[in-house]
Amino acid sequence: MKSPNEIPEESRKRRLEDLDAGSLRLSTPSCYTNCDAAVFEKPENSTFDSALNIRIAKNISGFRSYTHEEEARERFLGVSTKLKLWIDGSEGNDPWKIKKTLKHSDCDRLYRLTLCKDMVQNHIIKVWEEAGKVDEIEKVVSDEGVAVKVWDYEREREYELKLKKQSSSKSYVVSGAWRKEFVKERRLKKGDIIGLYWCTSKSRFVFSVLARAPPVAVSERGGE
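- The name that an unreviewed UniProt entry assigns to the protein is TF-B3 domain-containing protein, with the source organism given as Daucus carota subsp. sativus.
- According to UniProt, the comment filed for the protein under the heading Subcellular location (unreviewed entry) is "Nucleus".

Structural data, given as structure tokens:
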């Protein structure tokens, strides 16, 4: 092994230049101790990686884990306190393009949910037009209506409802199993806020109860 004094000055200078920050690469053997020493390579399990893995594990352990009973309870109540990652919505945007505060007529024996014309036209019909769904668009304005799939986000179940445009009011209505599967099963009532959006990858609506109506005070009940 040669001593540092035996290494030519230009060689020492070149090797020192090789150690600048811009030339250091984990996959490139550009770091030496002297001429005859083995090339230094980053070990597979370095101290840095170990510390990083410990930090990641500590952060993950800080997340709250849900029991099956807690998840079932939240689904029954129609709420969720879990962090949600929206795949179908645009990044950084609220995916629930159609939101509505339910009225009494949405939850009574009319068996239908009324949706604003502009919201359906802008967020549903336009998407269908771009996808070439001519048959669906023609059916939705007919007396028959068009069958649509609706995914209940909290219950993780899919249902088939019917979407139709009302000729009288120009609004759209969702009927079919709306009252049985949603109003009754989800215990929907006046004042609840629901959200809908069209999932292009699955060709279906996604439904969620975004907020529950505040409880009615006893004094207010007496005045009804």
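## So, the pairing of strand S6 (residues 193-199)
Okay, step 1: S6 sits mainly inside the fold: 6 of its 7 residues count as buried.
Okay, step 2: Two elements, strand S1 (residues 98-101) and S6, share 4 bridges in a ladder whose sense is antiparallel. Bridge pairing in S6 links Thr 101 to Ile 193.
Okay, step 3: Looking at chain direction, S6 and strand S7 (residues 204-211) are connected through 7 bridges and run antiparallel.

## Focus on the confidence of the model for the protein
Okay, step 1: Taken residue by residue, the protein gives an average pLDDT of 75. The fraction at 70 or more is 59%.
Okay, step 2: When the criterion is pLDDT under 50, residues 12-35 qualifies, and its contacts beyond four places in sequence or with other chains add up to 23 contacts.

## Here we look at the pairing of strand S5 (residues 172-176)
Okay, step 1: In this structure, strand S2 (residues 113-115) lies alongside S5, joined through 3 bridges in antiparallel fashion. The partner of Leu 113 across the bridge, within S5, is Val 174.
Okay, step 2: Inspection of the sheet shows strand S4 (residues 157-165) paired to S5 by 5 bridges, in the antiparallel sense. Counterpart to Leu 161 in the pairing with S5 is Gly 176.
Okay, step 3: Counting the residues in the hairpin turn of S4 and S5 gives 6 residues, including Lys 170, whose phi is positive at 70°.

## Thoughts on empty space enclosed by the protein
Okay, step 1: Counting across every chain of the model gives 1 cavity of 30 Å³ or more.
Okay, step 2: In this structure, the largest cavity is lined by Leu 113, Leu 115, Val 148, Val 150, Leu 161, Val 174, Trp 178, Leu 196, Phe 205 and Phe 207.
Okay, step 3: Of all the elements in the fold, those that place two or more residues in the lining of the largest cavity are S2, strand S3 (146-152) and S7.
Okay, step 4: When its residues are assigned to classes, the lining of the largest cavity shows 10 nonpolar, no polar and no charged.

## Here we look at the pattern of salt bridges
Okay, step 1: Within this structure, the stated rule accounts for 8 salt bridges.
Okay, step 2: With its nearest N and O atoms 2.8 Å apart, the salt bridge here joins Asp 106 to Lys 100.
Okay, step 3: Overall, the relative accessible area of 0% leaves Asp 106 in the buried class.
Okay, step 4: The salt bridge partner of Glu 158 is Arg 204, with a shortest N-O separation of 2.9 Å. Note that Glu 158 is positioned in strand S4 and Arg 204 in strand S7, a separation of 46 residues in sequence.
Okay, step 5: Taking relative accessible area as the criterion, Glu 158 reaches 37% and is therefore assigned partly exposed.
Okay, step 6: Taken together, the shared-partner salt bridges in this structure form one network comprising Asp 152, Glu 154, Arg 155 and Arg 186.

## Some remarks on the nonpolar core
Okay, step 1: In terms of nonpolar packing, the biggest core is built from 28 residues, with Leu 163 and Phe 207 touching the most fellow members.
Okay, step 2: Broken down by secondary-structure element, the contributors of at least two residues to this core are S2, helix H5 (117-131), S3, S4, S5, helix H7 (178-184), S6 and S7.
Okay, step 3: It is H5 that provides the largest number of residues to this core, a total of 4 residues.

## Side note on H5
Okay, step 1: If you check H5, its first and last C-alpha atoms are 20 Å apart, about what 15 residues at 1.5 Å a residue would give, namely 21 Å.
Okay, step 2: In H5, a bend of some 30° at Ile 125 exceeds every other bend along the element.
Okay, step 3: Here H5 has its buried residues at Val 120, Ile 124, Ile 125 and Trp 128.
Okay, step 4: Phi turns positive, to about 75°, at Gly 132, one or two residues after H5.

Each value, and the rule that gives it
Residues numbered from 1 in each chain as written. Predicted model: local features only at pLDDT ≥ 70, side-chain atom pairs only at ≥ 80, totals over all residues. Heavy atoms only, no water. UniProt positions renumbered as here; feature names shortened; annotations may be inferred. Buried < 20%, exposed > 50% of the residue type's maximum accessible area, 1.4 Å probe, protein only. Helix = DSSP H or I, 4+ residues; strand = E, 2+ residues; numbered from the N terminus. Pairing = 2+ DSSP bridges. pLDDT = per-residue confidence, 0-100. Contact = heavy atoms within 4.5 Å. 1 Å grid on protein atoms, 1.4 Å probe; cavity = no way out; pocket = protein on both sides within 12 Å on 5 of 7 lines; lining within 4 Å. Points joined across faces, edges and corners; volume = space filled by probe spheres on them. Nonpolar A, V, L, I, M, F, W, Y, C, P; charged D, E, K, R; others polar. Salt bridge = Lys/Arg side-chain N within 4 Å of Asp/Glu carboxyl O. Core = buried A, V, L, I, M, F, W, Y, C linked by side-chain atoms within 4.5 Å. Expected span 1.5 Å × (residues − 1). Bend = angle between axes of the 7 residues up to and from the residue.

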